[in-house]
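Chain by chain, the residues run as shown.
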Amino acid sequence: MTVWQIVLLASVAVLALKVAGYLVPASVMERPTPARVANLTTVALLAALVVTQTLERAGGLVLDARLPAVVLAGILFALRVPFIVVIFVAALTAAGLRSLGWAS
Amino acid sequence: MRASLAVGLAVAAYGVSFGALAVASGLDVWQACVLSLLMFSGGSQFALVGVLASGGTAAGPAAIASAALLGMRNSLYSMRLGPIVGGPWWRRLLAAPLTIDESAAVATAQPTLRGQRIGFWVTGAVIYVGWNLTTLAGALLGDLVGDVRQYGLDAAAAAAFLGLLWPRLRSRQPVAVAIAAAVVATLLIPWLPPGVPVLAAAVVAIVVGVTNLFGRAA
């Protein structure tokens, strides 16, 4: 697949899901199971993306400067620091550890 | 109205990080912009470029599946917003692309139908314009920066997912699912191609969601 094909196919899929919700009769929404599965799927995918973005490199598990940066980000989110500030601090932490040679 | 502007400004700021990360993941500036114009759903966009960053175009199917699965929650918002948007079919068709976390949250928080309508359209439109302009700015910036790891952008991507996850961890069931999904993904990373461990973690959500494990009686 080319990057363009991936970009367009994924965009159409996500857009179609938005349109689909407006076509479904309201009675489906009142059933708790589909709503619960959709909400929990979001949580599961985001949690899995956090660990893969933190630990994965070239198909293996690697401990590097990303881990302390993400742990610090977690502490800052718990302290209700704004999103964009936390992201900036996380990047700065990883970049700092690398430039000091303390982590790869 | 004020709620719409506050949320719009905050979210537009994330667009810069998305644009920079997209370019760092191997997309060109145009591809990053097309994602923000057509897909327009932050979580799905971050997921797509995240999977492509680790697996390249070989991980294309897994990247598309991750983006689509994360986009499922937009269908729920559409169902809730249908009666609020109302009107002829073309109005709902116009509303569909603007149906995202923030526009749904602002709309459903308003006490009157009029407030709900204004909340939806203003939030959706402000974020759409802001998100696309900041994506372009971030992508151009990312193009200049070059080496991603030197600037810690890989750590920023991980922190961004954590930031999207955080507000959803308010009760026992999502916390249990998040922990289980993280463990499943970590264990599978060495054994499966990039992107696939993320999809495998979604199975946890389906099992827990259908059986309502860790949940109160529904």
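Residues numbered from 1 in each chain as written. Chains lettered and ligands numbered in written order. Predicted model: local features only at pLDDT ≥ 70, side-chain atom pairs only at ≥ 80, totals over all residues.

Peer 1: What should I look at first to understand the environment of Pro-68 of chain A in this one?
Peer 2: All names here are of chain A. Mapped onto the elements of the fold, Pro-68 is located in helix α3 (residues 66-78). With 35 residues separating them in the primary sequence, Pro-68 and Ala-103 have C-alpha atoms 9.7 Å apart. If we ignore the near neighbours within four places in the chain, the residues touching Pro-68 are Thr-93 and Leu-97. (Helix = DSSP H or I, 4+ residues; strand = E, 2+ residues; numbered from the N terminus. Contact = placed C-beta atoms within 7 Å.)

Peer 1: Mind showing me how you'd approach the nonpolar core here?
Peer 2: One broad trend across soluble globular proteins is that nonpolar side chains are buried collectively. Core analysis: the biggest nonpolar cluster contains 106 residues, and Ala-44 and Ala-90 of chain A together with Ala-159 and Ala-181 of chain B have the highest contact counts within it. When neighbours within four sequence positions are excluded, Ala-181 of chain B is seen to be in contact with Ala-44, Ala-47 and Ala-48 of chain A together with Ala-201, Val-204 and Ala-205 of chain B. (Core = buried A, V, L, I, M, F, W, Y, C linked by C-beta atoms within 7 Å. Buried ≥ 20, exposed ≤ 12 C-beta atoms within 10 Å, placed from the backbone.)

Peer 1: Would you mind showing me how to read the domain arrangement of chain B here?
Peer 2: Residue and element names in this part refer to chain B. Once the domains are mapped, chain B shows domain 1 (2-168) and domain 2 (169-218). Each of domain 1 and domain 2 has a C-alpha centre, and the two are 23 Å apart. With 12 residues of domain 1 at the interface, the matching set in domain 2 holds 11 residues. Secondary structure elements with two or more residues in the side of domain 1 that touches domain 2: α3 (42-55) and α4 (60-85). A per-element tally of the side of domain 1 that touches domain 2 places α4 first, with 5 residues. Residue composition of the side of domain 1 that touches domain 2, grouped by class: 8 nonpolar, 3 polar and 1 charged. (Domains from an automatic or database assignment. Nonpolar A, V, L, I, M, F, W, Y, C, P; charged D, E, K, R; others polar.)

Peer 1: Just to check I follow, could you spell out the domain arrangement of chain A for this structure?
Peer 2: The accessible area lost on association of the parts is a frequent measure of interface size. The domain boundaries assigned to chain A delineate domain 1 (1-49) and domain 2 (63-104). For domain 1 of chain A versus domain 2 of chain A, the distance between C-alpha centres works out to 30 Å.

Peer 1: Before we go on, may I ask you to explain the environment of Gly-82 of chain B in this structure?
Peer 2: Among the structural elements, Gly-82 of chain B can be located in helix α4. With 118 residues separating them in the primary sequence, Gly-82 of chain B and Ala-200 of chain B have C-alpha atoms 32 Å apart.

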